[in-house]
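Summary of the model geometry
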Amino acid sequence: MFKNSSMKKYSNTKIVAALLLVLVSVRCSHDYPIDEDGLLITARTSCYVSNFDLLGTDFISVITSTTVIPATPTTPAVPSTRNVVIDTTAQTISVQVALGTDLKNLYPQFTLVTDAKLNPKITGKTDFSDLAPRKWTVISGNRKVRKEYTVTVTVQQ
């Protein structure tokens, strides 16, 4: 008899907990709107790319870097930099990869301003073998501002 009473209490507790969870989630979704991707819609209007990378099939960056220039007695050293130029005004991204890079199997990686999202979504590898520019749209947190970025890949000679 004790076992059955204990099981009923446990079952009732599970039901009450499930109902509370449903009520809380309904309340939250009403207060905080979400978009079709399940992402929170905010008041942010900023809309830009802050960083970009291209990864190879081994998930290591294939973007070339400039050569380090060592310091001399009269000039300071110049560290190497990656060959990526992001122009947020012109909404362009230019990258350079090494000769011999497998351009059919590249994984673009965007870093966006807070709450922004990218369209189309990147779901896998992208083929850049024709070296034609590719376009992605950055959408602001409030989903009202859209900026189309053009990504151009060149091969180091």
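Note: the structure precedes this text.
Notes on the structure in this doc start here. (Residues numbered from 1 in each chain as written. Predicted model: local features only at pLDDT ≥ 70, side-chain atom pairs only at ≥ 80, totals over all residues. Heavy atoms only, no water.)

Considerations on the overall build of the protein
What counts here: Helix and strand assignments follow DSSP, with helices taken as H or I runs no shorter than four residues and strands as E runs no shorter than two, numbered in order from the N terminus. Here the term buried applies to any residue with accessible area under 20% of the maximum for its type, exposed to any over 50%, and partly exposed to those in between, with areas from a 1.4 Å probe on protein chains only. Working rule for contacts: check all heavy atoms of both residues, and any pair within 4.5 Å makes them a contact. Residue exposure ignores everything except the shown protein chains as possible cover, and the areas themselves are Shrake-Rupley values with a 1.4 Å probe.
Looking only at helices and strands, the protein features 1 helix and 7 strands. With 157 residues in all, the protein has 27% of them scored as buried. For the protein, the share of sequence-separated contacts (at least 6 apart) that also reach a separation of at least 24 residues comes to 56%. As displayed, the protein has an accessible area near 10,700 Å², and 59% of this comes from carbon and sulfur atoms.

Notes on the environment of threonine 137
Locating threonine 137 in the fold gives a position in strand β6 (residues 134-139). Placed 89 residues apart in sequence, threonine 137 and tyrosine 48 show a C-alpha to C-alpha distance of 9.4 Å.

Brief notes about the nonpolar core
Within soluble globular proteins, side chains that are nonpolar tend to cluster in buried spots. Where we set the bar: We define a nonpolar core as any set of buried Ala, Val, Leu, Ile, Met, Phe, Trp, Tyr and Cys residues linked to one another through side-chain atoms lying within 4.5 Å.
Ranked by size, the top nonpolar core spans 22 residues in total, and within it Leu54, Ile93 and Phe110 carry the most contacts. Put simply, the parts of the chain that give this core at least two residues each are β1 (49-55), β3 (92-97), β6 and β7 (146-155). Among the elements that make up this core, the one with the highest residue count is β7 (4 residues). Apart from the residues lying within four places of it in its own chain, the contact partners of isoleucine 93 are Val49, Phe52, Val85, Ile86, Phe110, Tyr149, Thr150, Val151 and Thr152.

A short note on the sheet that holds β7
The cut-off we apply is this: Strand pairing follows a simple DSSP-based rule, namely that at least 2 bridges must link the two strands. Angles here are taken between N-to-C directions and fall from 0 to 180 degrees, while the axes themselves are lines fitted to C-alpha atoms, restricted in helices to the stretch in contact.
An order of β2-β3-β7-β6-β5 is seen for the 5 strands of this open sheet, with the pairing classed as mixed. Sheet topology places β2 (84-87) and β5 (117-119) at the edges, where each strand pairs with a single neighbour. Here the average twist between neighbouring strands, direction ignored, is 25°. Relative to β7, β3 is paired through 6 bridges, and the arrangement is parallel. Looking across to β7, one finds that glutamine 96 is bridged to threonine 154.

Description of the side chain of arginine 143
The following threshold applies: Under this definition, polar contacts are N or O atom pairs within 3.5 Å; protein pairs additionally need one hydrogen-donor-capable and one acceptor-capable atom, and for neighbouring residues in sequence, both atoms have to be side-chain atoms.
In this fold, arginine 143 is placed in the loop between β6 and β7. A polar contact of 3.2 Å, which involves the side chain of arginine 143, links it to the backbone oxygen of glycine 141. Excluding anything up to four places from it in sequence, arginine 143 contacts Asp35, Leu39, Leu40, Ile41, Asp115 and Lys117.

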